[in-house]
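# Working through the structure, step by step
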Amino acid sequence: MLCSQHFRPEDFDRTGQIVRLRDGTKPSVFSFPTHLKRKVPARTTQASRKAEASLVIDCSLQSLQVTEPSPTYLEHPYALPPSPTLLKTRLSEALARVESLEKEMRNSKAREWRAKKTVRCLLEDLRGKNLINEELHERLDLYSDLPLGLLSKQGHEYTKEQREFALTLHLHGPKAYSYLRESLHLHLPHPHTLQRWMISVDSKPGLNTMMLDMLRRKREEDPVKYGRVALMLDGMAIRKHVQYSPHSQKMTGFVDMGDGLNETDIATEALVFMVVGLQGHWKAPIAYYLTKSLTPDTQKVLLVHALEALHERGIRVMSLTMDGHASNVSMCNQLGCQLKANPCEPLKTFFPHPATGERVFVMMDACHMLKLARNMLQAYSPICSRTGLINWDYVVCLNDIQTKNGLHAANRVTEKHIQFDSQKMKVSLAAQTLSRSVAVALRTLRDLGYPRFTLSLATAEFIEMIDRLFDIMNSRNPRAKGFKAPLGSLNWTRSVELLSRGREYLISLVMKDGTPLHRSKRYFK
């Protein structure tokens, strides 16, 4: 291996991409240290001294004529200096250079590590695993620059941004929150901590003005998504319990209508109002009340307050959804509906908006109606139809045969579907009982010649009709097919025809004493 410092510039061939030495070139430039140079004895004769003096004069004249300094060839940088002091100085410079490069490399790795430990990288990971949807991703993008390492307490309180990020993720993506805590071992607050933070929010009974004001801001940002809603109300039974609230410094558990009056009766029910977007996947509770027993008149006043509060914030209520409780039906009749008229005649299923006069359509909850149909089938069997008797005993016999043989005829009917008294509120049990698979199983056993299912055709028709009506009213997937597809121009005619046939079929049902089913005690309750 040769060093380029020992060759003159004209010894190199630079015509190509690679610099090469010309053929026959030999090293001709050397710059040895003083201690390696050979000592030449000086001449002492008079003639030699005169020659040296003339040479010095010629060299000085030549140096004046040269415009550019001649190159000085220094010793190799890897050569050891002759002095130990210089050697130590060079070593110190090299160590300082190594330390500087190592520090720069550590800083570069730290910057890369910090870039990977931000919320932005975390959101992309959750989005790739389908743990959060696009809407939640956009909502959490506000905290994309938040370092993940700062989410651990480390003896200090969580910042406002950390609290908002944890609360938003846990509220809208609980699966993603559990994944980050349990799988990635990320230092996120425990759900009990989040619950304690939520207690500090003003959640007194009555209209939630904070939620309503937020919906107004959302409506101003996106009128299409938040401008039209469906209002839902439902009453839920609660356990009688009175306890002290350290937040409000009051005893809670009594009847509270949000009017500030001190009641002495213990609440047994919570009435909740919630709005659901007609366009966009979102919902928000706007009010709740702790009650003991509400009259239709009082419930009407609460509903009017909710409608007016939404109208003041520019939000249009297009429909009202609730279950078929008698108090709800009476309330709708007081508002202007006609839900208890002769079902053979067209019913008036809307009432005028108290502020604008626009029509607000009333829709009974399809899931609750399905449970009522199952309960009615069990309570009033046998029921007469145009094709025969509809009897709950056929479903019981189907479960007995499947239990005895240990083989299910492609349905999910079990003992808990038959003895459902302790689980009346479970929609899944009613949906699996009055399903097409059960109707097909009854038809199959009849075709196979089972004597107990000879007259089960009318029961199979009833179950199949209820199943189709439920699919139409409970459509949730825009890509679904058949009767589960959403109403549109392509299936409107077929759906309307089925709804008309279903209405005529249900009106034609008669109880065993000859009374039409739609005039039973349950209807007028």
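Refer to the structure printed above.
Residues take numbers from 1 onward in each chain, read along the sequence in its written order. Given that this is a predicted model, residues contribute local features only at a pLDDT of at least 70 and side-chain atom pairs are listed and counted only at 80 or more, while totals for whole chains, interfaces and linings are drawn from all residues. Derived side-chain values reflect all non-hydrogen atoms in the structure, with water molecules and hydrogen atoms excluded from consideration.

## Some details on the packing of helix H17 (residues 457–473) against helix H18 (residues 492–508)
With their axes 10 Å apart at the nearest point, H17 and H18 run at an angle of 135 degrees to one another. By the angle between their axes, H17 is oblique relative to H18. The crossing of H17 and H18 is left-handed. In this structure, H17 contributes Ala458, Glu461, Phe462, Met465, Ile466, Arg468, Leu469 and Ile472 to the contact, and H18 contributes Ser495, Leu498, Leu499, Arg501, Gly502, Tyr505 and Leu506. Each residue receives one of three labels: charged for Asp, Glu, Lys and Arg, nonpolar for Ala, Val, Leu, Ile, Met, Phe, Trp, Tyr, Cys and Pro, and polar for the others, Gly being one of them. Residue classes in the contact of H17 with H18 are distributed as 10 nonpolar, 2 polar and 3 charged. Axis definition: a line fitted to C-alpha atoms, limited for helices to the stretch in contact. Angles are taken between N-to-C directions and run from 0 to 180 degrees. Counting from the N terminus, the helices are DSSP H or I runs at least four residues long and the strands are E runs at least two residues long. By the definition adopted for this analysis, an angle is roughly parallel if under 35 degrees, roughly antiparallel if over 145, roughly perpendicular if from 65 to 115, and oblique otherwise. A crossing counts as left-handed when the near helix is turned anticlockwise from the far one by less than a right angle, and as right-handed when that turn is clockwise. Contacts between residues were defined by any pair of non-hydrogen atoms, one from each residue, lying within 4.5 Å.

## A word on the sheet that holds strand S10 (residues 350–352)
Only strands that DSSP links by at least two bridges are regarded as paired with each other. Strand order in this open sheet of 7 strands is S3-S8-S7-S4-S9-S11-S10, and the pairing throughout is mixed. On the outer flanks of this sheet lie strand S3 (206–207) and S10, each paired with one strand and no other. Packing against the sheet, helix H10 (residues 296–312) makes contact with S3, strand S4 (228–237), strand S7 (269–277), strand S8 (283–291), strand S9 (316–322) and S10, and its axis sits at approximately 30 degrees to S7.

## Concerning the packing of aromatic side chains
Working definition: a ring pair exists when centres of Phe, Tyr or Trp rings (six-membered ring for Trp) sit within 6.5 Å. Plane angles under 30 degrees give stacked, over 60 give edge-to-face, the rest tilted. Applying the stated rule across the entire model yields 7 aromatic pairs. Their ring planes at 75 degrees and their centres at 5.9 Å tell us that Trp392 and Phe420 sit as a pair that is edge-to-face. Of this pair, Trp392 sits in the loop between strand S13 (388–390) and helix H13 (393–405) while Phe420 is found in the loop between helix H14 (415–418) and helix H15 (427–433), placing the two residues 28 residues apart along the sequence. The pair formed by Trp392 and Phe420 is uniform in burial state, with each residue classed as buried. Buried, partly exposed and exposed residues are distinguished by accessible area as a fraction of the type maximum, computed with a 1.4 Å probe on protein chains only: under 20%, between the cut-offs, and over 50%, respectively.

## Comments concerning the nonpolar core
The nonpolar side chains of a soluble globular protein tend to be buried with one another. Within the largest apolar cluster, 39 residues are counted, with the highest numbers of intra-cluster contacts made by Ile390, Phe453, Phe462 and Ile463. Listed by contribution, the elements that provide at least two residues to this core are helix H12 (366–380), H13, helix H16 (436–447), H17 and H18. For this core, the element with the most residues is H17, which contributes 9 residues. What Phe462 contacts, discounting residues up to four positions off in sequence, is Met376, Leu377, Ile390, Tyr505, Leu506 and Leu509. Joining through side-chain atoms within 4.5 Å is the link that ties buried Ala, Val, Leu, Ile, Met, Phe, Trp, Tyr and Cys residues into a set, and such a set is a nonpolar core.

## Thoughts on the pairing of S8
The two faces of the sheet receive side chains in turn, since in a regular strand these alternate between them. Pairing analysis gives 2 bridges linking S3 to S8, with the strands arranged antiparallel. The partner of Gly206 across the bridge, within S8, is Tyr288. Across 8 bridges, S7 lies against S8 in antiparallel orientation. Directly across from Phe273, in S8, lies its bridge partner Ala287. What sits between S7 and S8 in their antiparallel hairpin is a turn of 5 residues, with Gly280 showing a positive phi close to 105 degrees.

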